[in-house]
Amino acid sequence: MTQPIVAIRNVCLDYGGFRALDGVSLDVNVGSRIVICGPSGSGKSTLLRCVNGLEPFQSGEVFVDGVGVRTCKDLPKLRLGVGMVFQHFELYPHLSVLDNVTLAPMKAKGLSRREAEEKARHYLDRVGILDQADKFPARLSGGQQQRAAIARALTLEPKVMMFDEPTSALDPEMIGEVLKVMRDLARDGMTMLVVTHEMGFAREVADEIVFMDKGRIVEHSGVSAFFAAPKTARAREFLDRILLKI
Amino acid sequence: MRYEFRWGMLLEQPYFTWIVDAIATTLHLALLSWILALAIGIAVGVMRNTPSRALRFAGALYVEIFRNVPLLLQLFLWLYVFPELLPKHWQLYWNRLDDAPYWTAVIGLSLFTAARIAEQIRSAILAIPPGQFKAALSTGLTPFQMYRYVIVPYAVRIIIPAITSEFLTIFKNTALALTIGVAEISSVARKIEAWSFKGIEAYTVASATYVCTTIAVIVLMGWVEKRAYIPGLIKREKSDA
Ligand SMILES: Nc1ncnc2c1ncn2[C@@H]1O[C@H](COP(=O)(O)OP(=O)(O)OP(=O)(O)O)[C@@H](O)[C@H]1O
Ligand SMILES: [Mg+2]
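Residues numbered from 1 in each chain as written. Chains lettered and ligands numbered in written order. Predicted model: local features only at pLDDT ≥ 70, side-chain atom pairs only at ≥ 80, totals over all residues. Heavy atoms only, no water.

### With respect to the site of ligand 1
All names here are of chain A. If you check the shell around ligand 1, you find 13 residues, and the closest are Ser40, Gly41, Lys44, Ser45 and Thr46. A distance of 2.8 Å is found between an oxygen atom of ligand 1 and a backbone nitrogen or oxygen belonging to glycine 41. At a separation of 2.6 Å, an oxygen atom of ligand 1 approaches a polar side-chain atom of serine 45. Of all elements in the fold, only strand E2 (18-28) and helix H1 (44-51) reach the threshold of two or more residues within the shell around ligand 1. No other element matches H1, which puts four residues into the shell around ligand 1. Each residue belonging to the shell around ligand 1 can be placed in one class, and the counts come to four nonpolar, six polar and three charged. (Near = heavy atom within 4 Å. Polar contact = N/O pair within 3.5 Å; in protein donor to acceptor, adjacent residues only side chain to side chain. Helix = DSSP H or I, 4+ residues; strand = E, 2+ residues; numbered from the N terminus. Nonpolar A, V, L, I, M, F, W, Y, C, P; charged D, E, K, R; others polar.)

### Points about empty space enclosed by the protein
If a probe as big as a water molecule is rolled over the atoms, it shows which places are left empty. Throughout the structure, instances matching the rule amount to one cavity of 30 Å³ or more. Quantified by volume, the largest cavity comes out at close to 40 Å³. In this structure, the largest cavity is lined by A:Val82, A:Gly83, A:Met84, A:Phe86, A:Arg152, A:Ala153, A:Leu156, B:Ala135, B:Ser138 and B:Thr139. Elements supplying a minimum of two residues to the lining of the largest cavity: strand E6 (82-85) and helix H5 (142-154) of chain A together with helix H6 (130-138) of chain B. With three residues, E6(A) is the largest single contributor of residues to the lining of the largest cavity. For the lining of the largest cavity, a count of residues per class yields six nonpolar, three polar and one charged. (1 Å grid on protein atoms, 1.4 Å probe; cavity = no way out; pocket = protein on both sides within 12 Å on 5 of 7 lines; lining within 4 Å. Points joined across faces, edges and corners; volume = space filled by probe spheres on them.)

### Some details on the domain arrangement of chain A
All names here are of chain A. Entries for chain A in the domain assignment read domain 1 (1-80 + 162-170 + 190-246) and domain 2 (82-157). Relative to domain 2, the C-alpha centre of domain 1 lies at a distance of 25 Å. At the boundary of domain 1 with domain 2, total buried surface from both sides reaches about 1,300 Å², with 68% on carbon and sulfur atoms. Sorting the residues of domain 1 by area buried against domain 2 places Leu80, Met162 and Leu170 first, and these three jointly supply 39% of that buried surface. Between the two partners, domain 1 and domain 2, sit zero salt bridges. Among the elements of the structure, H1, helix H2 (75-80) and strand E7 (160-164) are those that each provide at least two residues to the side of domain 1 that touches domain 2. Class assignment for the residues of the side of domain 1 that touches domain 2 results in twelve nonpolar, two polar and four charged. (Domains from an automatic or database assignment. Buried area = accessible area lost by both parts, 1.4 Å probe. Salt bridge = Lys/Arg side-chain N within 4 Å of Asp/Glu carboxyl O.)

### Quick notes on the sheet that holds strand E1 (residues 6-15) of chain A
Residues and elements named next belong to chain A. An order of E2-E1-E4-E5 is seen for the four strands of this open sheet, with the pairing classed as antiparallel. Single-partner strands in this sheet number two, and they are E2 and strand E5 (67-68). Looking at chain direction, E1 and strand E4 (residues 59-64) are connected through five bridges and run antiparallel. Across the sheet, valine 6 pairs through a bridge with valine 64, a residue of E4. Packed on one face of the sheet, H1 meets E1, E2 and E4 and runs near 120 degrees to E1. (Pairing = 2+ DSSP bridges. Contact = heavy atoms within 4.5 Å. Axes fitted to C-alpha atoms, helices over the stretch in contact; angles between N-to-C directions.)

### Re the confidence of the model for chain B
Residues and elements named next belong to chain B. Of all residues in chain B, 95% attain a pLDDT of 70 or more, and the chain-wide mean is 86. Of all helices and strands in chain B, the one with the weakest mean pLDDT is helix H11 (residues 233-240) (48), whereas H6 scores best (96). Predicted confidence for residues 235-241 stays below pLDDT 50, and this span has eight contacts to residues more than four positions away or in other chains. Prediction confidence for the complex, expressed as pTM and ipTM, is 0.89 and 0.94 respectively. (pLDDT = per-residue confidence, 0-100.)

### Some thoughts on helix H10 (residues 199-227) of chain B
All names here are of chain B. With 29 residues, H10 extends 42 Å between its outermost C-alpha atoms, agreeing within 8% with the 42 Å of an ideal straight helix rising 1.5 Å per residue. Buried within H10 are the following residues: Gly199, Glu201, Ala202, Val205, Ala206, Thr209, Tyr210, Thr213, Thr214, Val217 and Met221. Those residues of H10 that are buried lie in contact with helix H1 (15-47), helix H8 (160-173) and helix H9 (185-196). (Expected span 1.5 Å × (residues − 1). Buried < 20%, exposed > 50% of the residue type's maximum accessible area, 1.4 Å probe, protein only.)

### Quick notes on the environment of B:Tyr147
Turning to its location among the elements, B:Tyr147 is positioned in helix H7 (residues 143-158). It is 39 Å that separates the C-alpha atoms of B:Tyr147 and B:Ile185, two residues lying 38 residues apart in sequence.

### Points about the nonpolar core
One finds A:Ile8, A:Ile36 and A:Val62 to be the most contacted residues of the largest nonpolar core, which totals 106 residues. Among the elements that make up this core, the one with the highest residue count is helix H5 (residues 100-127) of chain B (13 residues). Two domains share this core, each providing at least three of its residues, namely domain 1 (1-80 + 162-170 + 190-246) and domain 2 (82-157) of chain A. In this structure, A:Ile36 is in contact with A:Lys44, A:Leu47, A:Leu48, A:Leu193, A:Val194, A:Val195, A:Thr196, A:Val210 and A:Met212, ignoring residues within four places of it in sequence. Membership of the second largest hydrophobic core comes to 49 residues, among which are A:Leu91, A:Ile175, A:Leu179 and A:Met190. (Core = buried A, V, L, I, M, F, W, Y, C linked by side-chain atoms within 4.5 Å.)

### Thoughts on the packing of aromatic side chains
Residue and element names in this part refer to chain B. Inspection of every chain in the model, using the stated rule, returns ten aromatic pairs over all chains. Each ring, one from tyrosine 102 and one from tryptophan 103, has its centre 5.2 Å from the other, and the planes form 85 degrees; the classification is edge-to-face. A relative accessible area of 13% means that tyrosine 102 is categorised as buried. According to the relative accessible area criterion, tryptophan 103 is partly exposed, its value standing at 36%. Ring centres of phenylalanine 133 and tyrosine 147 lie 6.3 Å apart, and the angle between their planes is 80 degrees; this geometry places the pair in the edge-to-face category. (Phe/Tyr/Trp six-rings, centres within 6.5 Å; stacked < 30°, edge-to-face > 60°.)

Here's what the structure looks like:
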């Protein structure tokens, strides 16, 4: 049996007395698609940030491909293996879309400009915005910006992709185009850890659902089991609220 | 006795050479100091936002000292006190240097202005959405690369107007260099008055130099600002707030 690509082991994180993560453990196996949901403030974003060492935590450990985040001496290298997509895209506004995508391959991975641009164009094409490569991010629609951000992460050819509410800052008509890119990624076998409230996407694409509340994982089950009958009352309540809103 | 204007004397020697040299000195003194101030100011401004307490403290100390001691006093300190603190053989070298006052003025002006630019950079960095830092790090950039390629270019674009006004300030502050013996345009105007008793003409040239250069800089930086304009940069700042 292969080891999980991300292994979260009993992670606890305090923000000055406030417990944002309270003993979270989760295995992400190669090729699996895990959707994390839960009410606002339950620690979903914080958990993702712990995985690539953006947020220091007090106890427990996260292993990425066998390397411990807390003891890691070379975090930049570890992060190359973990793509991250943010709610607000976070493209660099002063760089063209192409430069946004080639920056890290050139500076962090040491590719030549030619190699980096070749890869960048490949992934921009894959997310369907190759024709926008020379524009500044602000000239793109929200959906296009998020797809550019996905291309920026993909160009580093990470082993796992993390998405933090990638569609919740988008107008409804643009959500579909981003979800389609993510669906395609899943079909190609990408390992994905997705925080989202898009339950349609979760039902269709995910194989596991994690429900978090107050810094804990309160439910972790297969997709069909989760949607058929959430085990906990909290998850049932949450699901009802989410589904009714849609 | 009535004052007799004699504008033509400005074109006579030695005055003409003095004036041309002095204008040149004023311009490159200002330009060199401004470039150094920009480099130091960016470094200190970044230091003030790092996680390291020691660096933050050092940065804050620098800013408070250099911003709050009057520039005139700083120039005197650099000219008279600083050489005394140097090791003996450096001191000899410094004293033999012909342009010691010029270099003293460069040091004084650039360190003073750097403190002001550092403050601008610091607040510009605070205005950058935190997600930008996270995004840059998440792609495997080192913290240094993150500042070098993402944060500083972003911050500098936010403060281009402030950088322009710092150049104009440094340019006017070069006049203080006359107190330590630099032959910039104000001091030469004074010298011409002493030699020829034609003060009005001389000071008019000096004033015209400042005004013309200021206008030229404003036009130039307006052009730079347009070139460096990034759609969405300032707007995003506002909409996020
Ligand atoms: N830097 C911080 N300092 C202090 N508290 C923080 C910090 N970041 C997050 N928190 C707190 O930690 C808790 C978890 O935050 P987190 O952003 O992970 O929640 P979330 O599940 O992603 O919520 P949302 O759905 O709103 O994005 C929240 O209560 C939040 O207020
Ligand atoms: Mg969140």
